[in-house]
Amino acid sequence: MLKLLIVLTMCFGLITSTFAQQKVTGTVTGEDGLTLPGVAVVQKGTSNGTTTDIDGKYTITVPTDAILEFSFVGMETLDENVNGRSIVDVMLITSTIGLGEVVVTALGIQREKKTLTYASQQVSGEDLMKAKSVNFMDAMSGKAAGLEIKKSASGAGGSTRVVLRGFKSLGGSSEPLYVIDGIPIMNIKRSQPGMWGGTDQGDGLSQLNPDDIESVNVLKGLNASILYGSQGANGVVLITTKKGRAGKTSVSLSSTTTLESVLLYPELQFDYGAMNGAKESWSETKGGTNYSEDQMKDFFNTGNNLVNSVTVSGGNNRTTAYFSYSNTSAKGIIPNNEYGKNNVSFKQSTKLLNDKLTLGSNVMLSSELINNRNVAGYYLNPLTGLYNFPRERNWEDYKNNYKVFDETRNMYLQNVYVVDHHLSNPYWIVNMEPQEEKIQRMIATASADYKFTDHMSLIARGTYDFVDFGRTQKDAAGSNVTNVSANGRYVFANRTDRKIYTDALLKYDNSFGKLNVLGYAGASYSKHEWDGMGADNGTNDLLYPNVFSTQNYPTNVVISEYGGETILQSVYASATVGYNDMIYVDISGRNDWSSTLIGTEDGASYFYPSVGVVALVSNIFELPEFISFLKVRASSAKAAKEVPWNAIRSDNSISGSLGGINRNTRQPWLDLKPELITSNELGFEFDLYQGRLGMDFTYYHNTSKDQFLTVDLPPEEKGQYTTKNINVGEIVNKGYEITLDGIPVSNNTVTWKTAFNFHANNNEIIELDPDNPERRIGMGSSEGYETYLIAGGSYGDLYGYMFRRNDAGQIMLDETSGRPLKTQTREYMGNLEPDWNLGWNNDIQIKRFSIAALISGKFGGKVVSQTEAMLDGWGVSKRTGEARDKGYVEINAIQGSTPVTQISAFDLYAEGGGTGGRNGIIEPYVYDRTNVRLSQLSIAYDIDVQKLNLPLTGATISLVGQNLFIFYKDAPYDPELAMNTTMSSQSLDNFNAPATRTYGFNLKVTF
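What comes next is a walk through the structure. All of these numbers come straight from a predicted model, not from anything done at the bench.

How each quantity is defined
Residues numbered from 1 in each chain as written. Predicted model: local features only at pLDDT ≥ 70, side-chain atom pairs only at ≥ 80, totals over all residues. Heavy atoms only, no water. Buried < 20%, exposed > 50% of the residue type's maximum accessible area, 1.4 Å probe, protein only. Helix = DSSP H or I, 4+ residues; strand = E, 2+ residues; numbered from the N terminus. Arc of directions from axis to C-beta. Contact = heavy atoms within 4.5 Å. Core = buried A, V, L, I, M, F, W, Y, C linked by side-chain atoms within 4.5 Å. Pairing = 2+ DSSP bridges. Axes fitted to C-alpha atoms, helices over the stretch in contact; angles between N-to-C directions. Salt bridge = Lys/Arg side-chain N within 4 Å of Asp/Glu carboxyl O. Patch = residues over 30% accessible without salt bridge, like charges linked within 9 Å, V, L, I, M, F, W, Y side chains within 5 Å. Areas by Shrake-Rupley, 256 points an atom, 1.4 Å probe, with all protein chains shown as cover.

## A closer look at helix H10 (residues 878–886)
- If you check which residues of H10 are buried, you get Thr 880, Gly 881, Ala 883 and Arg 884. Considered in projection along H10, the buried side chains sweep an arc of 160 degrees and stay on one side of the axis.
- Check the buried side of H10 and you find it contacts helix H9 (866–874), strand E46 (889–895) and helix H11 (905–909).
- Looking one or two places after H10, you find Gly 887, whose phi comes out positive at around 100 degrees.

Shown next, in the form of C-alpha cells:
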C-alpha cells in the first residue's frame, strides 16, 4: 500500500506541476468600504489558503484558473475566478445568518434552511473526520441534539446503536433509516452478544468510507422524513458524498496512524489465592501468589489503526468526476483481533443537451475481513479466565503452555486448571478458537436529471445494494465442554442481501408575485431479497477431531437454509408555499403498498400525511438590531412503520436430520395493522449579533400505537394454534432539543467557535395489553438483572435483587449463616436511559493552528455490571482483598434482633449467599450512568507550502485522539460501551472488552 501511495504521489506531482502557478494579491472590503481583517481566502476544493491582514490585504499562490473562496463571520461567502489576474479585490456583503444556508433534506432535495418547518441538524464531513474514527456514526455522538449513540465493545468494525427521540416499538427496531445521496441503503445488524456470550457481528455502517462523506444531516421528526414513508418512521440520517469539482484536477493523499490502549482496567486483588485447589481465590492468608497485576495487563496489546487513502477530483463545466481509495488496517487490544477494510468509490456527473440533462453515476465498493472479534458474556471469553485466575497458581506456565499433548488422544488439548463452564485458558481461546468474517458490499447508483424549463425538472434514480456475509468459527478439540464437543466445534453462516431501489421525482419551483411555490411529486419501488444458510454442531461430536468441514458434521446436525423477500411501492407528494419570504407552509403525503400486508383485511395500502408551518419573524416585524434572525415553526405528521416479513402467516420448518417438522403454532394474523406513529413538534431558531450567538430549540411529542404483541389463545380456541398476534399498546416519547452556538472570539489572530447540543427524552409506556394490564414484555433478563416493559413504566426500567431491609433500613442477615438476605422478587432500581445528554464542541483557529475538541456527557440513568458481581463472587476484586486486609466490612445490619456492624468479606461477597456471583444481590453493582469525557481532540497545523516552496497546494499535519480522558464517572468501567447494540440487554456489562483510548497523527497533502 505504501508503494502505491508513493507512485501515485509522484505521478500526480508530475501532472500537477505542469499547471501554471501565480501569485495573487488583493484587498477585501465590506459594503461600507472599510477593509476587513481576518477574512479566510481559500483556493476552492483545496486546503491552500490564507487570511487577510490588519489592512484587509492578502497574498496567495494559486493556478491561473483557480477559484478563490472568501468567507468571514457575518458576511456572505463569495467565490471569485482568478482568470489569470494578479490582483483580485473583492467586496463582501452582510449576510443574515441562516437565511441563505442550503441543506439537504429527504430524497436528496436541497432547501433553504430558513424554510424548514421541522428540526434537522447538519454536520460536515470535515468535522466528522477530525478525530479519524473508523465508524463515522461513532464520531456523531455529541454533535447532534436528539441523537443517542452507543458504541460496541467489539472493537474496529463493530456496530453502533443509534436512536432518535427514544424507543418507539415493541416488535421492531427504533433505529433510523440511512440514506446516501437521497437513496435508502441497507444497514443490516447481525448477531449480538448476550449474558452468556457471543460476538457483535457488525452492521452496514462500518462498511462505508468516512473520507467519502461531504456532510451528514439528521432528520429528527416525521415531518422531516415523511417522504421516506414507513422506512423513515424512526428518523433519517442523510449522508451526502463528495463529488468532483470543475477546474484543475485535485489529488489528496491522507495517512492516519493511531494507537489504542486500555483506558480502564478492572480493579483486582493479587494478594490472596485459592484454597485446596479451588477456582475461587478466597484464602484468608495473604501472600504466596504467583499472579500479578502486571501479568494481567500484559495480556492486552497496544492496538493500532492505520488508514491510508487517496482521492482524485476534477473535471470541467461539462463533466466532473471523483475517485477515492482507502485501506484500513487495525489490530485490537485482545491478541489476534484484526480488522481490515478496503473501499473504492467512483462518482461522475455529465451535462448534456445544453445542460438540460445531467447524467450521474456512483459506485461504492467495500471489502471487510475481521478475525476474532472481541467476545462478551461468560462463554468462550478470554477475560473470565484472565481475571479469575487463582492467584497462587503459576500464570506463566498456563500462558506459555496453553496447550499440552495428550498421549491418550494423540493430540494437543487445553491446559486448564479446572473444568468449569465459565473458565478457559485465555491463551487457548485466542489461539485455538479462531473466528473469521468476510463481508463484501457494492452500492451502485445511476441517475438522470432533466430540466424541462427553469421551473420544472424530473429526476429518475436507481440503485443496487448488495451485501455478501460469511462467517466461520473453529473451536479446537479440548475447548470448554459446555460449548464445544470433545472433537471440536465448527460454526458457519452465509447470508446474501440484495436491495433494488428506484424512484422518480418531479420538481416545480416558481414565484407568483409575493408567493413562492415549491412542489414535488414522485413514486418509488423497493425490493429487498435475502437468503442464507448455516450450521453449528455445538456439543455434538464432529466425526473426526479438528476437521472443520460440513462433511465432518454428525448426522444429527442440520444445515439450515432460509430466505425472504419484501416489496414496497410508494407514491408521494409535497408542496411548500411561501408568502413574501415571511410565512412558509408545508403539506406532504405518502401512500405505501407493502407486500408484508398482502392478505390482511385492510389490504396492502396505507396513507399518512404531514403539515408544517414556519414564520420568519425577523422578516415580518422590525426587531431590535441585535436580533439578526428569528423564526418559529410547528409541524405535525403521521407515519406507519413497515410491517416485518412473515408477520401474517408463519411457515412450518424442518428440524432434525430425519426431516422432522416444527409446526407453526401462531394463528394467521388477518386483521393486522401497521404500527402508527404520530409526531408533533414546536420550535424556534434565532441568531444574534450577525451570527455571533445562535440557538435552535425544539419540543416534540411522539405517540406510537398499534404495537405488535403475541398473546396466548383462550383455552377453548387452542388446537392447531396456541398463540396469536394483536395490535395493542401505546408508547409516548416527549422531550427537548437545544443547540446553542456562538463565536466568542473572532479577530485577525484567533477565531473560537463553540456549540452546545442538549437533549432530554422522557419515555412512557401508556398501555400494553388492555386485557392484561400487568403484562410484561421482556427486554433482557439473566442472573440478577432484568429489564422489561409494563404499562405505566418506561423503556429501560431496571429490576434486580436488592438487600432485604427492615423498616429501619437495616440489612437483614440470615439467622443461621449470617449472610445477607435478598428480596424475594426483583425490585425496581431505576432506569437505564440517561436523564439528559450534552455535547460541547469547540473549534479554535490560531493563525495556521486549529484545535477541535468535543466534551460529551450523559447525566442520570443506571448501568449494571455483572462483571463486578462475578469478580466479588470469585474473591478476586480489589475490594474483597482490602476487606480481608482489614478483617471485616462495615455494615448496618441486623441478625434476628441483634444489630451487626461488621461482616466478613466472604459472607458479604462470596457466591452462594452474598452479593457476588450469579443470581446474587445485584444492588451493589448498579451504578449511576453519569459520565463526562473528552471524546475527541484534534490539533492541526496548516503547513505554509508557498513559503517552503513545496510543489503542493496544501498540507496539514494533525494530532488526533478519541476517548482520551474521563473527567467523571461513578461506574468502575466505561458506562457508554455497549455489549449489545440492539434494544435488548441495554447498559449491561458482562466481561466486555475494556474501554480504550486512541491517539495518533494524520498527514494530508493536496496537489
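## Brief notes about the nonpolar core
- Membership of the largest hydrophobic core comes to 61 residues, with the highest contact counts inside it found for Phe 300, Leu 386 and Tyr 387.
- Sort the elements by how many residues they give to this core and H9 lands first, with 4 residues.
- The contact partners of Phe 300, leaving out residues within four places of it in the chain, are Val 262, Tyr 265, Ile 333, Ile 334, Leu 383, Leu 386, Tyr 387 and Pro 994.
- Counting residues in hydrophobic clusters, the runner-up holds 40 residues, among them Ile 226, Tyr 228, Ala 647 and Trp 669.

## Quick word on the sheet that holds E46
- Taken together, 3 strands build an open sheet; the order of strands is E41-E46-E47 and the sheet is mixed. Every interior strand has two partners, whereas the edge strands, strand E41 (811–813) and strand E47 (898–903), have only one. Mean inter-strand twist for the sheet, computed between neighbouring axes without regard to direction, equals 45 degrees.

## What about the sheet that holds strand E16 (residues 236–241)?
- Read from one edge of the open sheet, 5 strands run E10-E15-E16-E13-E14, paired in mixed fashion. Because the sheet does not close on itself, it has two edges, and the strands there are strand E10 (120–124) and strand E14 (183–184).
- The pairing of strand E15 (residues 213–219) with E16 spans 6 bridges and is antiparallel. Residue pairing in the sheet places Ser 215 in a bridge with Thr 240 of E16.

## Quick look at the pattern of salt bridges
- Going through the model one piece at a time under the given rule, you end up with 46 salt bridges.
- The salt bridge partner of Lys 297 is Glu 293, with a shortest N-O separation of 3.4 Å. Placement of the pair is Lys 297 and Glu 293 together in helix H4 (residues 293–298), with a separation of 4 residues, close to one helical turn.
- Overlapping salt bridges, with partners in common, bring together Lys 113, Arg 165, Lys 220, Lys 631, Arg 633, Glu 681, Glu 685, Asp 696 and Glu 737 in one network.

## Topic: a nonpolar patch on the surface
- A surface patch of nonpolar side chains, about 890 Å² in accessible area, is lined by Phe 512, Leu 515, Val 577, Tyr 579, Ile 583, Val 585, Ile 587, Val 611, Val 613, Ile 620 and Phe 621.
- Those elements that place two or more of their residues in the nonpolar patch are strand E28 (560–579), strand E29 (583–594) and strand E30 (605–616).
- No other element matches the 3 residues that E29 contributes to the nonpolar patch.
- Note that Ile 587 resides in strand E29.

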